[in-house]
Amino acid sequence: MTDAAASLLERLGYVFTDRSLFRLALAHRSWCSEQEEGDEPSNERLEFLGDAVVGLVVAEHAFRQFPDLPEGDLTDVRKSVVNAGALAEVAAELGLGPALLLGKGEDGAGGRTKQSILADAFEALVGALYLDGGLPVARRVVLGLLGPRIDAIAAGAAVHDAKTALQELGVQRHGVGPVYRIAQEGPDHDRRFFATVTLAGEELGRGEGRSKKQAQQAAARMALARLSGGSDPAGDA
């Protein structure tokens, strides 16, 4: 085990019964393809499982902690937390990148800091935790890392219009308001909108929804969560 992998385990605060699951969670397909045996499995199946586990834990926590939030806001909270950008940020704070098993080409191309690779590996790691320790272990780690973000975003949805709150905070701190960029996908009957928000030149949040307003609100909630201080990966996990 590398020093980076050992450090990652220490920060997780969990001892795997089956260490092979932990190793599998770190195995990117680029590394697997370079192994002489040619039959090394990648972390993609664990990623599939972990995606479902993260979504369940976040949805359950928001549902229980904020009983007055309507379904639409609960959906926005989950999407603001369970997305590639947010999960990659948590993975980077956790030190997941240096511990990954990457192929030489991917490693040389900066794969340890790529958003998609980090987010997928985080989900794979949660999948491994779920298989090794069950839902209670996976829940403890996920909420230790994502709990403050969930609470900040959900509280913003429950108490304040997120766009208005971000506007006020931007003017207060920087003298300028946030700037939103909108993209859209899909046919007219099933269109999805994607928003990115920047403040003083720094991208702070992304969101999506069935309308521009929903997407902007989700992006604003993520930005508010980041500005509130995010989470400490070494904390409760």
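Everything numeric here is computed off the predicted structure, so don't read it as measured data.

> Can you explain the pairing of strand β3 (residues 202–209)? Please cite residues and give values.
The sheet contact formed by strand β2 (residues 192–199) and β3 spans seven bridges and is antiparallel. Directly across from L199, in β3, lies its bridge partner E202. Taking the residues that link successive antiparallel strands as the turn, the β2-β3 hairpin has two residues, and the phi of A200 there is positive, at about 55 degrees.

> Would you mind going over the nonpolar core in detail, with residue names and values included?
One finds L96, F122 and L146 to be the most contacted residues of the largest nonpolar core, which totals 50 residues. Of all elements in the fold, only α1 (3–12), α2 (19–25), α4 (44–65), α5 (71–81), α6 (84–94) and α8 (115–159) reach the threshold of two or more residues within this core. For this core, the element with the most residues is α8, which contributes 19 residues. With sequence-adjacent residues up to four places away left out, L146 is seen in contact with V54, V58, V81, L87 and V90. Among the nonpolar cores identified, the runner-up in size contains 15 residues, and A162, L169, L204 and A215 belong to it.

> An account of unusual backbone geometry is requested, with residue identities and associated values reported.
Positive phi is not limited to glycine here, since A200 has a value of about 55 degrees. Along the chain, the position of A200 falls in the loop between β2 and β3.

> Tell me about the packing of aromatic side chains, residues and numbers included.
Under the defined criterion, the tally for this structure stands at two aromatic pairs. Taking the centre distance of 5.1 Å and the plane angle of 80 degrees together, the rings of Y14 and F16 count as edge-to-face. The interplanar angle of 40 degrees and the centroid separation of 5.5 Å between the aromatic rings of F16 and F22 together place this pair among those described as tilted. The exposure classification of F16 matches that of F22, with both residues buried. Above the face of the Y180 ring, K163 is positioned so that its terminal group lies 5.1 Å from the ring centre.

Rules and cut-offs
- Residues numbered from 1 in each chain as written.
- Predicted model: local features only at pLDDT ≥ 70, side-chain atom pairs only at ≥ 80, totals over all residues.
- Heavy atoms only, no water.
- Pairing = 2+ DSSP bridges.
- Helix = DSSP H or I, 4+ residues; strand = E, 2+ residues; numbered from the N terminus.
- Core = buried A, V, L, I, M, F, W, Y, C linked by side-chain atoms within 4.5 Å.
- Buried < 20%, exposed > 50% of the residue type's maximum accessible area, 1.4 Å probe, protein only.
- Contact = heavy atoms within 4.5 Å.
- Phe/Tyr/Trp six-rings, centres within 6.5 Å; stacked < 30°, edge-to-face > 60°.
- Lys NZ or Arg CZ within 6 Å of the ring centre and 35° of its normal.

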